[in-house]
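# Coordinate inspection notes
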Amino acid sequence: MLENKVEELMQQNYFLKQDYKKNEEFLKEEEPYKSEVIYAKVISKIDSIFSNSFALNKGSKDGLKVGSPIVKNNNLIGQVSEVNYNSARGIFLTDINSRVPVVIGEKMYNAILVGSPLKTNKLSLEFLPKQYQFQNNDKIYTSDINGVLKKGIAVGYIEVKEGSNDNYNIYLNYNSRQVDRVSIFVN
C-alpha cells in the first residue's frame, strides 16, 4: 500500500515537472508586457441571460478602446465593448457576445472561448482541432491571433469529466461578484 502511494506521488511529480517545462518554454517566448495599464472602478453590473456586462468610470479620454483586455489579479475577466468619452462598457467572458482567442494546455490547442447565454456563467470552446485531448487542469491563456489581446494572459482551466474527452467544464480564475476595480491594458 505504501509502495503504491510512493509510485503515485512519483508519477504526479513527473507530470508536474513536464507541466513546468512546458510553461517555462511558453513564458520564454513571451516578451514582458510593454503596455500601459489604466485602473478603473466598476460602477454598475448587469447580469442577465442577454448581458453579463459592467460599466467603468474611464473612457476614451483615458485611452480606452474597444477590445482592450480587462484584467483582475492578472487574470483576464473580459474586454471593453463600448467606449464613451468619460465611461466605457466591458463584457465579462461569460457574456453572450464574448469571443476570445485562447491556447489550451501543454499541447497549446488554439480555440475561441465563447460565452453562453443558455447556461448561466458557462463557457464553450469553438474551432478546436479534430484530435484534441484535454488533460485535467489544462491551463487556458489568451492568444494574440487577433492582434488585440496580449498572448499569455491567464484565463482559467479545464476539468475533464471521467470517461469522455468531449465532456469537460471550463473554470475561470475569477469571480464576477468580486469585481469592483479592474486594470485595462491600453496600447
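Structural data are supplied above this passage.
The sections below set out a description of the structure shown in this document. Computed from a predicted structure; not experimentally measured. (Residues numbered from 1 in each chain as written. Predicted model: local features only at pLDDT ≥ 70, side-chain atom pairs only at ≥ 80, totals over all residues. Heavy atoms only, no water.)

## Section: the packing of aromatic side chains
Quick note on the threshold: Think of it this way: a Phe, Tyr or Trp ring, Trp meaning its six-membered ring, pairs with another when their centres are within 6.5 Å, and the plane angle makes it stacked under 30 degrees, edge-to-face over 60, tilted otherwise. Only runs of H or I of at least four residues qualify as helices and only runs of E of at least two qualify as strands under DSSP, and these elements are numbered from the N terminus. When a residue's accessible area, from a 1.4 Å probe over protein chains only, is under 20% of the maximum for its type it is buried; when over 50% it is exposed; and in between it is partly exposed.
Evaluation of the coordinates by the stated rule reveals six aromatic pairs. Aromatic pair Phe-54 and Phe-92: ring centres 4.6 Å apart, planes at 50 degrees, arrangement tilted. Of this pair, Phe-54 sits in strand E2 (residues 52-56) while Phe-92 sits in strand E5 (residues 88-92), and the two are 38 residues apart along the sequence. By relative accessible area, which is 1% here, Phe-92 ends up buried. Each ring, one from Tyr-109 and one from Phe-134, has its centre 6.1 Å from the other, and the planes form 75 degrees; the classification is edge-to-face. Here Tyr-109 is found in strand E7 (residues 109-116), whereas its partner Phe-134 is found in the loop between strand E8 (122-126) and strand E9 (139-142), with 25 residues between them in sequence.

## Comments concerning the environment of Lys-41
Worth spelling out the cut-off: Residues count as neighbours in contact if any of their non-hydrogen atoms are within 4.5 Å of one another.
Within the element layout of this structure, Lys-41 appears in strand E1 (residues 36-47). As a C-alpha pair, Lys-41 and Lys-58 span 17 residues in sequence and 7.8 Å in three-dimensional space. Not counting residues within four places of it along the chain, the set of residues in contact with Lys-41 comprises Ala-55, Leu-56, Asn-57, Asp-180 and Arg-181.

## Concerning the pattern of salt bridges
Basically, it comes down to this: The salt bridge definition used is simple: a Lys or Arg side-chain nitrogen within 4 Å of an Asp or Glu carboxyl oxygen.
Per the stated rule, a full pass over the model turns up two salt bridges. Measuring nitrogen to oxygen at the nearest pair gives 3.2 Å for the salt bridge that ties Lys-72 to Asp-180. Taken together, the residues span a long stretch of sequence, with Lys-72 in strand E3 (residues 69-72) and Asp-180 in the loop between strand E11 (168-172) and strand E12 (181-186) at a distance of 108 residues. For Asp-180, a relative accessible area of 43% corresponds to the partly exposed category. With a closest N to O distance of 3.4 Å, Glu-82 and Arg-89 form a salt bridge.

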